[in-house]
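Here's the letter readout for the chains.
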Amino acid sequence: ALARGATLASGDYLLFTDADVVMEPTTVSRAIKLMVDRRLDHLALLFRNLTHGWLLNCLILELALGLLCIFRPWMARRAGSRSFMGIGAFNMVKKSAYEAVGGHEKIRMHPIDDLMLGKILKEQGFRQDCLLALDFVAVPWYDSVRAMIEGLQKNMFAFVHYRLSLIFPLLFVHILVNILPFWGIIFCQATGRTLWAAALLLKLLIFSFGLRRQGLPFWYLPGALLVPYLVLHIVITSVAVVLKNDGIFWRGRYYPLGELKRSRALFF
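No experiment lies behind these values; they were computed from the predicted model shown.

Tallying each qualifying case throughout the model produces eight salt bridges. Its salt-bridge partner being aspartate 129, residue arginine 77 comes within 3.1 Å of it at the nearest N-O pair. With arginine 77 in the loop between helix H3 (54–71) and strand E5 (91–94) and aspartate 129 in strand E6 (residues 128–132), the pair connects residues that are 52 residues apart, well separated along the chain. Connected through shared salt-bridge partners, Arg38, Arg77 and Asp129 make up one network.

A cluster of nonpolar residues, Trp54, Phe182, Trp183, Ile186, Phe187, Trp219, Leu225, Leu226 and Tyr229, forms a patch on the protein surface that exposes about 930 Å² of accessible area. Every element with two or more residues in the nonpolar patch is listed here: helix H8 (180–187) and helix H10 (223–245). The leading source of residues in the nonpolar patch is H8, at four residues. With respect to the element layout, leucine 226 can be found in helix H10. Look at leucine 226 and you get partly exposed, because its relative accessible area is 40%.

Take the packing of H8 against helix H9 (residues 190–213) next. Viewed as axis vectors pointing N to C, H8 and H9 meet at an angle of 150 degrees, and their least axial separation amounts to 8 Å. Taken as axis vectors, H8 and H9 run roughly antiparallel relative to one another. Note that H8 runs across H9; the crossing there is left-handed. Across the interface between the two elements, Leu180, Pro181, Phe182, Gly184, Ile185 and Ile186 from H8 touch Arg193, Trp196, Ala197, Ala199 and Leu200 from H9.

Conventions used here
Residues numbered from 1 in each chain as written. Predicted model: local features only at pLDDT ≥ 70, side-chain atom pairs only at ≥ 80, totals over all residues. Heavy atoms only, no water. Salt bridge = Lys/Arg side-chain N within 4 Å of Asp/Glu carboxyl O. Helix = DSSP H or I, 4+ residues; strand = E, 2+ residues; numbered from the N terminus. Patch = residues over 30% accessible without salt bridge, like charges linked within 9 Å, V, L, I, M, F, W, Y side chains within 5 Å. Areas by Shrake-Rupley, 256 points an atom, 1.4 Å probe, with all protein chains shown as cover. Buried < 20%, exposed > 50% of the residue type's maximum accessible area, 1.4 Å probe, protein only. Axes fitted to C-alpha atoms, helices over the stretch in contact; angles between N-to-C directions. Parallel < 35°, antiparallel > 145°, perpendicular 65-115°, else oblique. Left-handed = near helix turned anticlockwise from the far one by under 90°. Contact = heavy atoms within 4.5 Å.

The structure is reproduced here in structure tokens:
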């Protein structure tokens, strides 16, 4: 659908977005001016989450903070950096750059096509930037925790390109950073307890900063101790479902695992 829309579009700039995205009226014109002034080929905007419920918002924030640490979108503007970014809610691309990298045809079998578009544009040397636009772009991402778990089943395993050998290090780092500090405070003594407490305090401070930027109440903070287990469940479930089905079901269609593995890898 995105590729078809790009073919029909007659303008010099393309905006890939979703039907449920809410934008401040001047968002597109501001984005165009910024792209012209900074001579950008691709601009991605980070959005505000509009979903309700403390657990769902905490889960979304946990995943968002993890993605920020992995992708470092503030580095995408640096020409020599390997960092890149792409956001399905707002990917604005110069049409000439889009056509030069082969458009969505190059990433047609990738379920994380928004990030992959940013990757292939950055690889080909096109100028890219990613900005925080919480007052300009907003999305009701998921309406329940169950819907989010089911929605991410097609994505999580794709991050490591369906390689089981990479899932275990990913889970180890997640447990070490987000789960063990709490238990370390309870079961360790002396120096060990102090180190785990410092690690947990750092996580809570980062989570608090995220809550403030999203305009969420401070009493959501205890959710930071619970949602890492949900993330663990999502990753394990994603792997299990993809392996069981030997592929993914996406918008009513089935995509075999063999074909998915032949697509471009996000990282490796």
